[in-house]
Amino acid sequence: MQKLLVLTDLHICEPGKRIIGLDPSERLRTVLRAALDAHPDAAALILMGDLTHHGRPAQYAALRDIIKDIDMPIVPMIGNHDRRDTFLAAFPDAPQTHSGHVQKVWDTGDHRIITLDSLDGPPYPDGHHAGRLCPVRMAFLQDALETKGDRRTLICVHHPPFATGILGMDEIMMTDCDAFIALLGRYADVHLLCGHVHRTISGNTLGVPWSMLRSPCHQGVLDLVTPNPHLSTNEPGSYGLVLLMPDGVVVHSEDVDVPGAAVFGGYD
């Protein structure tokens, strides 16, 4: 068994700036400290998009400062709040394909890990937060799946290619979702991991199993009526722990600094 730590939707701002009263940098530090203390043996840390809130150089600089002393491989991804050129200027060693997309494939034991770039742009129209995999990125994914052999495969992408029932977020999911899910459905032993919605959700779409993780910062709201993608709550921050098991993939979600939380050895 191998472990992967996964954090998504960091939304780092300039130092001192807040989102719904929360300091994203402080929340990230707290969640990272808990995750790394509990799982120092993790094989890698995947940062699954929306690393910053506006994609500004100062925000990436703040993130770089927070993670600079982490002693394990870090695989960054980007989401709709990021800007590819600014990100790559701040993280020039990030995985990048010949087409300039922030994507990576690597094998560990009997598993293959694929990280995808679902940022739709440039250009970046104001208020546009839906995701997209262009033909070049779809070809990258197809090649990674075609060559995986018998490896069990974890695919990480920021935008979910399926509806969750949360109307506001479903309006800004991946736009070319049908082709994406159809491609995954052609291959066995595939598990999809997403962010973007800031909630812990799991499901199965046309035979493709998937999991979704919460944010270290602000969380999404279970609202199946209001078409507002900005609804947020200040619930505790969270990280994901992926276990690469001999027979598949297990995804845990762990909340951090829950008021009054304790561990008990038994009960009456």
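We now turn to the structure provided with this report. Source: prediction; values computed, not measured.

Thresholds, definitions, all that
Residues numbered from 1 in each chain as written. Predicted model: local features only at pLDDT ≥ 70, side-chain atom pairs only at ≥ 80, totals over all residues. Heavy atoms only, no water. Helix = DSSP H or I, 4+ residues; strand = E, 2+ residues; numbered from the N terminus. Expected span 1.5 Å × (residues − 1). Buried < 20%, exposed > 50% of the residue type's maximum accessible area, 1.4 Å probe, protein only. Arc of directions from axis to C-beta. Contact = heavy atoms within 4.5 Å. Core = buried A, V, L, I, M, F, W, Y, C linked by side-chain atoms within 4.5 Å. Pairing = 2+ DSSP bridges. Axes fitted to C-alpha atoms, helices over the stretch in contact; angles between N-to-C directions. Right-handed = clockwise from strand over helix to strand, strands pointing away.

## A short note on helix 4 (residues 135-146)
Then step 1. Between the first and last C-alpha of helix 4 there are 16 Å, a value that for 12 residues agrees with the 16 Å anticipated at 1.5 Å per step.
Then step 2. Of the residues making up helix 4, those classed as buried are Arg-137, Met-138, Leu-141, Ala-144 and Leu-145. Down the axis of helix 4, the sector holding all buried residues measures 125 degrees, keeping them to one side. In helix 4, those exposed residues whose orientation departs by more than 90 degrees from the buried face are Pro-135 and Glu-146.
Then step 3. The inward-facing, buried residues of helix 4 abut helix 3 (84-90), strand 4 (104-108), strand 5 (111-115), strand 6 (152-157), helix 6 (177-184) and strand 7 (190-194).

## Remarks on the nonpolar core
Then step 1. By size, the foremost hydrophobic cluster in this structure holds 31 residues, and its most contacted members are Leu-7 and Phe-87.
Then step 2. When residues of this core are traced back to their parent elements, those giving at least two are strand 1 (2-7), helix 1 (24-38), strand 2 (44-48), helix 2 (57-67), helix 3 and strand 12 (238-245).
Then step 3. Considering each element in turn, this core owes the most residues, 5 residues, to helix 2.
Then step 4. If we skip the residues at most four places from it in the chain, Leu-7 touches Leu-28, Val-31, Leu-32, Leu-45, Ile-46, Leu-47, Met-48, Pro-216 and Tyr-239.
Then step 5. Core analysis: the second largest hydrophobic core is formed by 27 residues, Leu-116, Ile-155, Phe-162 and Met-169 among them.

## Here we look at the sheet that holds strand 8 (residues 201-205)
Then step 1. Strand order in the open sheet made by the 6 strands is 4-5-6-7-9-8, with mixed pairing throughout. The sheet is open, and its two borders are formed by strand 4 and strand 8, each paired with just one other strand. Sheet twist, expressed as the mean angle between neighbouring strand axes with direction ignored, is 20 degrees.
Then step 2. Pairing of strand 5 with strand 6, which is carried by 5 bridges, proceeds in the parallel orientation. The partner of Thr-115 across the bridge, within strand 6, is Cys-156.

## Brief notes about the pairing of strand 2
Then step 1. For strand 2, a buried count of 5 out of 5 residues is recorded, marking the element as mostly surrounded by other parts of the structure.
Then step 2. Residues Ala-44, Ile-46 and Met-48 line one face of strand 2 and the alternating positions Leu-45 and Leu-47 line the opposite face, and both faces are buried.
Then step 3. Note: strand 1 against strand 2, 4 bridges, orientation parallel. When the sheet's bridge partners are listed, Leu-5 is paired in strand 2 with Leu-45.
Then step 4. In this view, the connection linking strand 1 to its parallel neighbour strand 2 by way of helix 1 has right-handed handedness.
Then step 5. In this sheet, strand 3 (residues 74-77) lies alongside strand 2 in parallel orientation, the contact comprising 4 bridges. In the sheet register, Met-48 faces strand 3, and the bridge partner there is Met-77.
Then step 6. Handedness of the crossover joining strand 2 and strand 3 through helix 2: right-handed.

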